[in-house]
Amino acid sequence: MTPDTPADTFSFTLSATDGAARTGYVSTPRGRIRTPAFMPVGTVATVKGLYFDQVRAAGADIVLGNTYHLMLRPGAERVAKLGGLHTFMRWDGPILTDSGGFQVMSLSSLRKMSEQGVTFRSHVDGAYHEMSPERSVEIQGLLGADIQMQLDECVRLPCTDEEAERAMRLSLRWAERSKRAFETQPKGRAIFGIVQGGAVPALRVESARALADMDFPGYSIGGLAVGEPQEVMLAMIETVAPHLPTNKPRYLMGVGTPDDLLESVARGIDMFDCVMPTRSGRHALAFTRFGRINLKNARHAEDPRPLDEESDCPALRDYSRAYLHHLVRCEEMLGAMLISWANIHYYQQLMAGARAAIAAGRYADYVAQTKEGWARGDL
Ligand SMILES: CNc1nc2c(CC[C@H]3O[C@H](OC)[C@H](OC)[C@@H](OC)[C@@H]3OC)c3nc(N)[nH]c(=O)c3cc2[nH]1
């Protein structure tokens, strides 16, 4: 957490730019978020396998909570009765929540979409739920999220232009309703509009301009990292960014690999979230300065070296690859915990390096040097 002048409002400060890359910070009543920022995903009120003091020590200023999962279990009203998500999970920094629409479309069964919203059956207990823009904002408010998302419809790619247009226009109508419902929430919280439009440039531009006219405090780029190739994702960022206000944060949802992050920062993205670091940690895949290391591989069985002896993260610096390989082979939970910890730290360190490089006007060199390190590996 950076030294904070406690802000009672939400704001974004741009400190430096290098080409289209930007560095700065988002101010919230619960602290500052240094950008570019990677936001660890805390799906059901936990960053899987880590204590929150490890998340903080790794350099994370903000974590995510998941509206869909938490509304089903333990329930938004119950979390509110227990003091809200910050108290519940003992994280006193900013929290961002998604609106739940994406999860409904990807996790629940028997769902019906309409202008009003989406009704669906819980994947937990089969109970019926109604998710409207108003209910989504109410839930995020009950959780106490500092940064909230409009309810939107995210279409999978590839999709027809008609499908992309229909979902983009519905999302714009839901943006208006979400923003209006948000007005009753305490000062200092923010709601982001979400740019949709599939892989159709004209639809993307129309969505971005319409949301910019609604004057949101921040903007998410949605509808990406849904199966499209990286070049399509990057092309859509290049299409959208020039139509978003430069003095508001831009959040690319669900992204991504270390390479995705560096390339998206270069195109003007400020905030990211992805399950990759922790999900990969549970599958024995470590992200390091030397590229990806799969600890399942027998070549590590007698390797006494840690993942990265120069790191200041104990998970990267203090445990031999042989030990991590052993834990993975024995399916010991400490294996998943240590590799998840290492990955969360690596992602934070990658963004810290990006912030410093942008401030020094040498972001292109930073990207080239980082990629060389990945390619060189650690033979
Ligand atoms: C992976 N590619 C990916 N994820 C997209 C998420 C979900 C982000 C969500 O992705 C997980 O939920 C499933 C995370 O939980 C596991 C959530 O963190 C709590 C995270 O919430 C911000 C999108 N959310 C909305 N509302 N709209 C989108 O267009 C969108 C696009 C995404 N692409």
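Residues numbered from 1 in each chain as written. Predicted model: local features only at pLDDT ≥ 70, side-chain atom pairs only at ≥ 80, totals over all residues. Heavy atoms only, no water.

Take the site of the ligand next. In the vicinity of the ligand there are 23 residues, among which Asn66, Asp98, Asp152, Gly223 and Leu224 approach most closely. One of the side-chain nitrogen or oxygen atoms of Asn66 is found 2.8 Å away from an oxygen atom of the ligand. One of the backbone nitrogen or oxygen atoms of Leu224 is found 2.7 Å away from a nitrogen atom of the ligand. When isolated, the ligand has an accessible area of 670 Å², and the protein chains bury 89% of it. Here the shell around the ligand is composed, by residue class, of 11 nonpolar, nine polar and three charged. (Near = heavy atom within 4 Å. Polar contact = N/O pair within 3.5 Å; in protein donor to acceptor, adjacent residues only side chain to side chain. Areas by Shrake-Rupley, 256 points an atom, 1.4 Å probe, with all protein chains shown as cover. Nonpolar A, V, L, I, M, F, W, Y, C, P; charged D, E, K, R; others polar.)

For strand β8 (residues 118–121) and strand β9 (residues 128–131), the ladder comprises four bridges, and the chain directions are antiparallel. Opposite Arg121, over in β9, you have Tyr128 as the bridge partner. Connecting β8 to the antiparallel partner β9 that follows it, the hairpin turn spans six residues, and Gly126 within it adopts a positive phi of roughly 80 degrees. (Pairing = 2+ DSSP bridges. Helix = DSSP H or I, 4+ residues; strand = E, 2+ residues; numbered from the N terminus.)

Burial of the side chains of strand β12 (residues 218–221) extends over both faces: Gly218 and Ser220 are buried on one face and Tyr219 and Ile221 on the other. Both strand β11 (residues 190–195) and β12 contribute to a ladder of four bridges, which runs parallel. The residue bridging Phe192 from the neighbouring strand is Gly218, located in β12. Handedness of the crossover joining β11 and β12 through helix α8 (residues 201–213) is recorded here as right-handed. Inspection of the sheet shows β12 paired to strand β13 (residues 250–252) by three bridges, in the parallel sense. Within β13, the residue paired with Tyr219 across the bridge is Arg250. Taken together, β12, helix α9 (residues 230–240) and β13 form a β-α-β motif whose crossover is right-handed. (Buried < 20%, exposed > 50% of the residue type's maximum accessible area, 1.4 Å probe, protein only. Right-handed = clockwise from strand over helix to strand, strands pointing away.)

Attention shifts here to the packing of aromatic side chains. Within the structure shown, the criterion is met by eight aromatic pairs. On the numbers, 6.1 Å between centres and 80 degrees between planes, the contact of Phe10 with Phe192 is edge-to-face. Here Phe10, found in the segment before β1 (11–18), pairs with Phe192, found in strand β11; they are 182 residues apart in sequence, far enough to count as distant. The exposure classification of Phe10 matches that of Phe192, with both residues buried. Through a chain of ring-to-ring contacts, three or more aromatic side chains come together here, namely Phe38, Phe287 and Tyr347. Directly above the aromatic system of Tyr25 lies the positively charged group of Arg32, at a separation of 3.9 Å from the ring centroid. Residue placement shows Lys179 over the ring face of Phe216; its charged tip is 5.8 Å from the ring centre. (Phe/Tyr/Trp six-rings, centres within 6.5 Å; stacked < 30°, edge-to-face > 60°. Lys NZ or Arg CZ within 6 Å of the ring centre and 35° of its normal.)

Next up on the list: the confidence of the model for the chain. Averaged over all residues, the pLDDT of the chain equals 96, while 98% of them reach at least 70. Mean pLDDT in the chain bottoms out at strand β7 (residues 109–113), which sits at 80, and peaks at helix α10 (residues 258–266), which reaches 99. Scored by ipTM, the complex comes to 0.96, with pTM at 0.97. (pLDDT = per-residue confidence, 0-100.)

Turning our attention to unusual backbone geometry. Of note, the amide linkage connecting Thr35 to Pro36 takes the cis form, showing an omega dihedral of 0 degrees. Position of Pro36 among the secondary structure elements: in the loop between β3 (31–35) and β4 (37–42). The residue after Arg73, namely Pro74, is reached through a cis peptide bond having omega 15 degrees. Along the chain, Pro74 turns up in the loop between α2 (67–72) and α3 (76–81). A positive phi angle, near 60 degrees, is found at Arg90, a position not held by glycine. Within the element layout of this structure, Arg90 appears in the loop between α4 (85–89) and β6 (95–97). The phi dihedral of Ala225 is positive, around 55 degrees, even though this residue is not glycine. Tracing the chain through its elements places Ala225 in the loop between β12 and α9.

Our focus in this paragraph is the pattern of salt bridges. Tallied over the entire structure, the rule returns 21 salt bridges. Here the salt bridges share partners, and the residues they tie into one network are Glu238, Asp259, Glu263, Arg267 and Lys371. (Salt bridge = Lys/Arg side-chain N within 4 Å of Asp/Glu carboxyl O.)

This model, assessed by the stated rule, comprises zero disulfides. Take Cys159: it sits in no disulfide, and the sulfur closest to it among the cysteines is that of Cys154, at 9.4 Å. With a relative accessible area of 25%, Cys159 lands in the partly exposed category. The thiol of Cys274 is not disulfide-bonded; the next cysteine sulfur, from Cys154, is found 14 Å away. (Disulfide = S-S within 2.5 Å.)

Time to look at the packing of helix α13 (residues 321–329) against helix α14 (residues 333–359). In the contact formed by α13 and α14, the axes pass within 7 Å of each other and the chain directions differ by 130 degrees. Taken together, α13 and α14 sit at an angle that is classed as oblique. Crossing geometry of α13 relative to α14 is assigned as left-handed. Where α13 approaches α14, its residues Tyr323, Leu324, Leu327 and Val328 are matched on the opposing element by Leu334, Gly335, Leu338 and Ile339. Among the residues forming the contact of α13 with α14, the class breakdown is seven nonpolar, one polar and no charged. (Axes fitted to C-alpha atoms, helices over the stretch in contact; angles between N-to-C directions. Parallel < 35°, antiparallel > 145°, perpendicular 65-115°, else oblique. Left-handed = near helix turned anticlockwise from the far one by under 90°. Contact = heavy atoms within 4.5 Å.)

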